[in-house]
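Topology and contacts: notes
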Amino acid sequence: MVWFVSHPQDEYFVDNPEFRAFVAEARKVIAQESELTRRIERLKPVFSRLLRSEGWLPVAYLQPDTTSGMGSGIGQYLLFRAGDRSLGLFSLVVPPGASTPVHDHLAWGLVGLYRGEQREEVYELVEGDPDAGVVRLRLATVRAIQPGDFYPLLPPQDDIHRVTTVSAGPSVSIHLLGSDIGCTVRHRFEPEHGVSKPFRSGYSNAPCPPEES
Ligand SMILES: [Fe+2]
């Protein structure tokens, strides 16, 4: 099993020429640009093309999942993971009316909407330490997200949010992140109670390596 070797290989859970070309182009940009703001700027047109393209994402990765670590029937499907865990792509499927927990990401990235419509609430950390479990959050921004829209993640800026599907069908967002985020311990928040908790979302279609448990 690939999980038990110290330097696992790249894993493609979506394997077609268009997706492979996207991953290759993204990696080329990442290798050429180490400064994160400029890297994200250069990735935007490549990512936007993928969001507007049809047929590359298997139907299986457009479905809700009642067993996922995100809860509320939310599916989180790994699409690609780099062997060194420096890059991961996944789809997030949120059923109609459902919301993610308020959560952080702790990694740079780009998130864009592929299907449906979302309402995004972005929170600001006013005080406290998420690792200590006591925080005060302030709702900073509420945005309507339409298919083709995308936004950067550049922690700590705008790194805490919650999304809700407001369309009649599920929303599907595509995430490009500079980590294997499903297997990373990060935080979920309860703003109304002022608490944060450790959180590892996992993936609906792939295990996390036991050494990262
Ligand atoms: Fe998120």
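Located above this text is the structure these notes cover.
Here we summarise the structure given alongside this text. Here the structure is a predicted model, which is why all the values come from computation and not from measurement.

Details of the pairing of strand 7 (residues 134-145)
Of the strand pairs in this sheet, strand 6 (residues 118-129) and strand 7 are connected by 11 bridges, and their pairing is antiparallel. Bridged to Leu 125 within strand 7 is Leu 137. In sequence, strand 6 turns back onto strand 7 through a hairpin of four residues, with Gly 133 there showing a positive phi of about 90°.

Structural notes on the environment of Leu 89
Summarising the element assignment, Leu 89 is placed in strand 3 (residues 88-94). It is 5.4 Å that separates the C-alpha atoms of Leu 89 and His 175, two residues lying 86 residues apart in sequence.

What about the sheet that holds strand 8 (residues 150-153)?
The six strands lie next to each other as 1-2-3-10-5-8, forming an open sheet whose pairing is antiparallel. One side of each edge strand has no neighbouring strand; the edge strands of this open sheet are strand 1 (11-12) and strand 8. Bridge count between strand 5 (residues 109-115) and strand 10 (residues 171-177): six bridges; the pairing is antiparallel. Of the residues in strand 10, the one forming a bridge with Leu 113 is Ser 173. Docked against the sheet, helix 2 (residues 36-51) engages strand 5, strand 8 and strand 10, running at close to 15° with respect to strand 5.

Points about the pairing of strand 10
Extensive coverage of strand 10 is indicated by the burial of seven of its seven residues. Alternating positions in strand 10 separate into two faces, Ser 171, Ser 173, His 175 and Leu 177 on one and Val 172, Ile 174 and Leu 176 on the other, with burial throughout. As paired elements, strand 3 and strand 10 share seven bridges and run antiparallel to each other. Pairing of Gly 88 across the sheet is with Leu 177, part of strand 10.

Rules used throughout
Residues numbered from 1 in each chain as written. Predicted model: local features only at pLDDT ≥ 70, side-chain atom pairs only at ≥ 80, totals over all residues. Pairing = 2+ DSSP bridges. Helix = DSSP H or I, 4+ residues; strand = E, 2+ residues; numbered from the N terminus. Contact = placed C-beta atoms within 7 Å. Axes fitted to C-alpha atoms, helices over the stretch in contact; angles between N-to-C directions. Buried ≥ 20, exposed ≤ 12 C-beta atoms within 10 Å, placed from the backbone.

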